Amino acid sequence: MITNKQLRYKLKELDKILLDKYAKKSKRERKKKKRDWRTYEEQYSERIKKCMKELEPLLKEASCNIRIANKRGKKFQLNVKQKTMLLLIKHLMGKTNRPMAGMLCLFSLLSEINVGYKTIERLYSDDEVELALHNLHMLIINKKKIKKISCCGDATGYSLTIRKHYASEVQKLKDKSKKQDERKKKKFFVYSFMLMDLKTKMYVCFGTSFKSEKEAFDKAYKMLQEIGIEIESIRLDKYYSCQIYVDKFSGSKVYIIPKKNATIRGSLNWKKALNELIEDTMNFLREYYQRENSESGIAKDKKMFGWKVGQKRHDRINRAINATTVWHNLFLL
């Protein structure tokens, strides 16, 4: 039986000693690991080759039965597979619409695809492409036989303008002396939440929002319920260290660091999480800090695809982030 006094003492201990000690130890271990850039480039090249080899049959299966009845507007000269492939390649190369259309002119003899930049732009709002990307995501998950997972989750933000960088702006908001109208600042970003399987390092579900991290989490949670994957254990940061989030994963082990004003009052699942933190602190922290995999995955995605989304319409912004998620999983096949 734990008490509020024990919980408060443990949280103070974490802030003063344990978290700092654990963080320094992790930092020292990371410094010891030096990256061999030659090996890294060779591995990256092999991953690209393997990824493109796997993409062709998966995309064919994902797009073969997609049909939209009574579709309005101008008809595409490309089929669903070609449209989805073109969007994914354009996203990987990081080109804007006009340069990508120009490159297609150069390679049209090889690919037999030669379209204008407007056609490329419309791919981001095409319903058939959206369905194909979802099917592709599910095929990758099923291929890895992901059914019951230990996972971690984290949210990030993508800038919608080159003048606002998400990390620096969030730091300004944390500084109360510099805090301005938060609602105005949020319009410059789209929030994204990803839930990652620790075994495969793949994203299982995801959600986006133009309002808050909470709404992005709620959309990811809804997707998780729809695809029917069971959660064995989950690790979330302090933003989600409330009873409402712990109760969403009843029956699963939840690893969170409670906020300073937290109490033991609440559900059985909440009390179990607090009890494990107090009784077996070091093992709890080992499990909790596997959440670093989410931060590492998001950092890799932003390094490869950028921290800015070049689209303007909401549906096209969502599609761009969806393409990033698909590529992330494809590279891990």
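What follows deals with the overall build of the chain. Counting its secondary structure elements, the chain contains 14 helices and five strands. The proportion of buried residues among the 333 residues of the chain is 45%. For the chain, contacts bridging at least 24 residues in sequence account for 70% of all contacts bridging at least 6. Summed over its atoms, the accessible surface of the chain is roughly 19700 Å², and 51% of this surface lies on carbon and sulfur atoms.

Moving on: the pattern of salt bridges. Going through the model one piece at a time under the given rule, you end up with 11 salt bridges. One salt bridge connects Glu128 with Lys83, and the closest N-O pair in it is separated by 2.7 Å. Highlighted residues: Glu128 in helix α6 (residues 127-143) and Lys83 in helix α3 (residues 80-93), separated in sequence by 45 residues. In this structure Glu128 comes out as buried when scored by relative accessible area, which is 12%. Under the relative-accessibility criterion, Lys83 is labelled buried at 1%. For Lys214, the salt bridge goes to Asp218, with nearest N and O atoms at 3.1 Å. Separated by four residues within a single helix, Lys214 and Asp218 lie in helix α9 (residues 213-227), roughly one turn from each other. On the basis of relative accessible area, Lys214 is assigned to the partly exposed category, the value being 40%. For Asp218, a relative accessible area of 26% translates into the label partly exposed.

Another aspect to go through is the sheet that holds strand β4 (residues 230-235). Taking strand neighbours across the sheet as the criterion, the five strands line up as β3-β2-β1-β4-β5 in an open arrangement whose pairing is mixed. Both outer strands of the open sheet, β3 (203-209) and β5 (253-255), are each paired with one neighbouring strand and no more. In this sheet, adjacent strand axes meet at a mean angle of 25° when their direction is disregarded. Examined bridge by bridge, β4 and β5 share three bridges and lie parallel to one another.

As a further point, take a positive patch on the surface. A cluster of like positive charges, contributed by Lys5, Arg8, Lys12 and Lys16, occupies part of the molecular surface. Note on placement: Arg8 falls in helix α1 (residues 4-32). In this structure Arg8 comes out as partly exposed when scored by relative accessible area, which is 45%.

Another point: empty space enclosed by the protein. Applying the stated criterion across every chain, the model contains two cavities of 30 Å³ or more. Computed from the structure, the largest cavity encloses a volume of approximately 50 Å³. Residue lining of the largest cavity: Phe193, Leu195, Cys205, Phe217, Ala220, Tyr221, Leu224, Ile234 and Phe249, and that is the complete set. Mapped by element, the contributors of at least two residues to the lining of the largest cavity are β2 (189-197) and α9. It is α9 that provides the largest number of residues to the lining of the largest cavity, a total of four residues. Across the lining of the largest cavity, the residue classes break down as nine nonpolar, no polar and no charged.

The next point concerns helix α11 (residues 268-279). Over its 12 residues, α11 extends 16 Å from the first C-alpha to the last, a length consistent with the 16 Å expected when each residue adds 1.5 Å. Taken residue by residue, α11 has Asn269, Trp270, Ala273, Leu274, Leu277 and Ile278 as its buried positions.

The rules we used
- Residues numbered from 1 in each chain as written.
- Predicted model: local features only at pLDDT ≥ 70, side-chain atom pairs only at ≥ 80, totals over all residues.
- Heavy atoms only, no water.
- Helix = DSSP H or I, 4+ residues; strand = E, 2+ residues; numbered from the N terminus.
- Buried < 20%, exposed > 50% of the residue type's maximum accessible area, 1.4 Å probe, protein only.
- Contact = heavy atoms within 4.5 Å.
- Areas by Shrake-Rupley, 256 points an atom, 1.4 Å probe, with all protein chains shown as cover.
- Salt bridge = Lys/Arg side-chain N within 4 Å of Asp/Glu carboxyl O.
- Pairing = 2+ DSSP bridges.
- Axes fitted to C-alpha atoms, helices over the stretch in contact; angles between N-to-C directions.
- Patch = residues over 30% accessible without salt bridge, like charges linked within 9 Å, V, L, I, M, F, W, Y side chains within 5 Å.
- Lys, Arg positive; Asp, Glu negative; His and termini not counted.
- Charge placed at Lys NZ, Arg CZ, Asp CG, Glu CD.
- 1 Å grid on protein atoms, 1.4 Å probe; cavity = no way out; pocket = protein on both sides within 12 Å on 5 of 7 lines; lining within 4 Å.
- Points joined across faces, edges and corners; volume = space filled by probe spheres on them.
- Nonpolar A, V, L, I, M, F, W, Y, C, P; charged D, E, K, R; others polar.
- Expected span 1.5 Å × (residues − 1).

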